[in-house]
Amino acid sequence: MGRTLYDKIWDEHVVHTEEDGTSILYIDRHLVHEVTSPQAFEGLREAGRKVWRISSIVATADHNTPTTGWELGYDGITDLVSKEQITTLDANIKEFGAAAFFPFMSKRQGIVHVIGPENGATLPGMTVVCGDSHTSTHGAFGALAHGIGTSEVEHVMATQTLLAKKAKNMLIKVEGAVTKGVTAKDIVLAIIGKIGTAGGTGYTIEFAGSAIRALSMEGRMTVCNMAIEGGARAGLVAVDAKTIEYVKGRLLAPGTDPVTGKFVGGPEWDMAARYWATLHSDADAKFDAVVELDASQILPQVSWGTSPEMVLSIEDRVPDPEKEKDANKRGAIERALTYMGLEPGKALNDLYIDKVFIGSCTNSRIEDMREAAAVVKHIGQKVAKNVKLALVVPGSGLVKEQAEREGLDKIFIAAGFEWREPGCSMCLAMNADRLEPGERCASTSNRNFEGRQGAGGRTHLVSPAMAAAAAVHGHFVDIRKFV
Ligand SMILES: CC(C)[C@H](C(=O)O)[C@@H](O)C(=O)O
Ligand code: SF4
């Protein structure tokens, strides 16, 4: 019988399986950031252990790094807890080692899920872990990638393996072509709207179909990034020519000269590329669940509530709890409406916003920057008066550099956006960027839980194009009218 892509990567990495299915999985790549690594390093230190395979570790600081004040260096980190986490990571990497470390303010620093693929640390067929739930992002490369907890971080560091049970296989097929203005973010929000935040629980999801194949690698990362929001620890997309082309010439990829950083090829690259081309589900592979979506029916999405599944299209209205028969669901809607300060029946188009955040590991890559800048340029207006702050935060130093080379920063700044230094920023308010109580935000991030962007803050998840258009109009608009 044929195997799914997940089966194939699992089989390649499983070291041992107990009768109850508990397995030991070999880990190829371990991405590390400052929030979930301190206790792990401390645990190693206390036990007198070393990192098993230093060359598997790639580290950066992202959650706590400020997005302004870099001219002050480390003195620009005003929050003391943030500063401690960042300097602790520096000290730990110095002591334990890493294949690559992109510390605070270095050119390649950025959100861990942006810098992994960007530097060729994430490669097809790998098992990738990180003490971070959005590690699912890396599945866009046909890598089995998922988030782990801090104690697992220590376990992987000490043994290069992870205890895991194999998940079931789910196939989400998105067929057809999206309408202009509809992006990868809208596709994944529509998927979560359909399956719910628990829909993928217990599964590894493979995203497939012509609409997924048509996406760039950036778009595929956006989709896999939110697999976790759909309940699955890992999301996958099959390897194709686009995947291999993206990887070619990346700093840590085979075939790249480590000194010049240029692609030179060679037998290692050839062997890898041949293997990567096999990383897709077999035609006769069996999936435990199949979900299908018609891409042409997906409209620009806006989340209205406090969970990513509370999402509707821009043509819709805020739901009415009275119409929900299930008492639990009705209660959840009521609570979300109260928190979000929304009246049932209000058109999503009419929601005025206070802040805009374009960034996060979902939407801070070069393509997202281009998408948002193109909308701002096309509409040709400044950020609306009612919008107090419109932030654009590139996902990494390299994204920032590339965007500036293309003049995107100038478009944003001229329109009244703030162009910041890379990091997680207002995605989760671990640094100075946050919402004040009651503030409403159009955000390109992935979570809209209560308080996620600051206590009392109200988050609406949208695509970069939708966020940019909302910034200049002051309220949500249907982006299809402007592209
Ligand atoms: C801080 C980290 C552990 C957390 C995660 O695991 O996802 C964060 O990145 C988030 O997005 O909430
Ligand atoms: S950008 Fe947001 S979701 Fe992504 S790793 Fe940072 S905090 Fe988590």
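Below you will find a few notes about this structure. Keep in mind that what you see is a predicted model, and the values were worked out from it rather than measured.

1. Thoughts on the overall build of the chain
- Each helix and strand in the chain was counted, giving 15 helices and 19 strands.
- Taking 483 residues into account, the globule formula puts the C-alpha radius of gyration at 23 Å, and the chain, at 22 Å, falls close to it.
- Considering only C-alpha atoms, the chain reaches an extent of 55 × 55 × 45 Å along its principal axes.
- Residues counted as buried form 52% of the 483 residues belonging to the chain.
- Sequence-distant contacts in the chain: of pairs separated by 6 or more residues, those separated by 24 or more amount to 77%.

2. Section: the site of ligand 1
- Close to ligand 1 lie Val-35, Thr-36, His-63, Asp-132, Ser-133, His-134, Gly-147 and Leu-428, which account for all nearby residues.
- Counted by class, the shell around ligand 1 contains two nonpolar, five polar and one charged residues.

3. Observations concerning the sheet that holds strand β19 (residues 458–461)
- Read from one edge to the other, the open sheet built from five strands follows the order β17-β16-β15-β18-β19, with strand pairing classed as parallel. The open sheet has two edge strands, β17 (418–419) and β19, and neither has a second partner.
- Where strand β18 (residues 440–443) lies against β19, four bridges are found, and the strand directions are parallel. What sits directly across from Cys-441, in β19, is Thr-459.

4. With respect to the site of ligand 2
- The immediate surroundings of ligand 2 are formed by 13 residues, with Ser-360, Cys-361, Cys-424, Cys-427 and Leu-428 found nearest.
- Of the residues that constitute the shell around ligand 2, the class distribution is five nonpolar, six polar and two charged.
- Residues from two domains meet in the shell around ligand 2; each of domain 1 (5–165) and domain 2 (304–481) gives at least three.

Rules behind the numbers
- Residues numbered from 1 in each chain as written.
- Chains lettered and ligands numbered in written order.
- Predicted model: local features only at pLDDT ≥ 70, side-chain atom pairs only at ≥ 80, totals over all residues.
- Helix = DSSP H or I, 4+ residues; strand = E, 2+ residues; numbered from the N terminus.
- Rg over C-alpha atoms; globule rule 2.2 N^0.38 Å.
- Buried ≥ 20, exposed ≤ 12 C-beta atoms within 10 Å, placed from the backbone.
- Contact = placed C-beta atoms within 7 Å.
- Near = placed C-beta within 6 Å.
- Nonpolar A, V, L, I, M, F, W, Y, C, P; charged D, E, K, R; others polar.
- Pairing = 2+ DSSP bridges.
- Domains from an automatic or database assignment.

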